[in-house]
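This is what each chain is made of:
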Amino acid sequence: FLVPFSILYGVLFKQSWRPDFFEKLLPGSLDKWDEGVQFVPQLSGVMELLSGPSSSASAWVHLLLINIFVARQIYLETYEMTGRVPIKHSILLSWIFGPLGLLSHMITKAITEMRTKNKQSMA
């Protein structure tokens, strides 16, 4: 499932590549590294890089791939644990917000493990 999106991302990224990509994304100079913070992304450079249709599409596909990968990792981790942790809410969140879904899963997993330990100690 990830392979077609990965290929699409590669094609879109290649179409949107510009020779000045790194200069626009991370302006700065290695010659002036001791004068302060260098290579901090500037909004104007990022806006210019994402202004084309191919570059915007590659950014969206990139985010989609990250979110799908996070959801897959949540599913696989829970599958290995024989499904003791509820994951529907975490997978939904990860499809939409990626890292928030992972955070939700980690919190749910911790709460479930605490409850399991409490039940075992009471028995």
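For the structure itself, consult the block above.
About the thresholds
- Residues numbered from 1 in each chain as written.
- Predicted model: local features only at pLDDT ≥ 70, side-chain atom pairs only at ≥ 80, totals over all residues.
- Heavy atoms only, no water.
- Salt bridge = Lys/Arg side-chain N within 4 Å of Asp/Glu carboxyl O.
- Helix = DSSP H or I, 4+ residues; strand = E, 2+ residues; numbered from the N terminus.
- Buried < 20%, exposed > 50% of the residue type's maximum accessible area, 1.4 Å probe, protein only.

## Some points on the pattern of salt bridges
Then step 1. Per the stated rule, a full pass over the model turns up four salt bridges.
Then step 2. Across the pair Glu48 and Lys24 runs a salt bridge, and its minimum N-O distance is 3.3 Å. Taken together, the residues span a long stretch of sequence, with Glu48 in helix H3 (residues 43-49) and Lys24 in helix H2 (residues 21-25) at a distance of 24 residues.
Then step 3. Accessibility expressed as a relative area gives 33% for Glu48, which makes it partly exposed.
Then step 4. Of the residues examined, Lys24 reaches a relative accessible area of 26% and is grouped as partly exposed.
Then step 5. Residue Lys109 is joined to Glu77 by a salt bridge in which the shortest nitrogen-to-oxygen separation is 2.9 Å. Taken together, the positions of Lys109 in helix H6 (residues 99-122) and Glu77 in helix H4 (residues 53-80) put the pair 32 residues apart, joining distant regions of the chain.
Then step 6. For Lys109, a relative accessible area of 23% gives the class partly exposed.
Then step 7. Overlapping salt bridges bring together Arg18, Asp20, Lys24 and Glu48 as one network.

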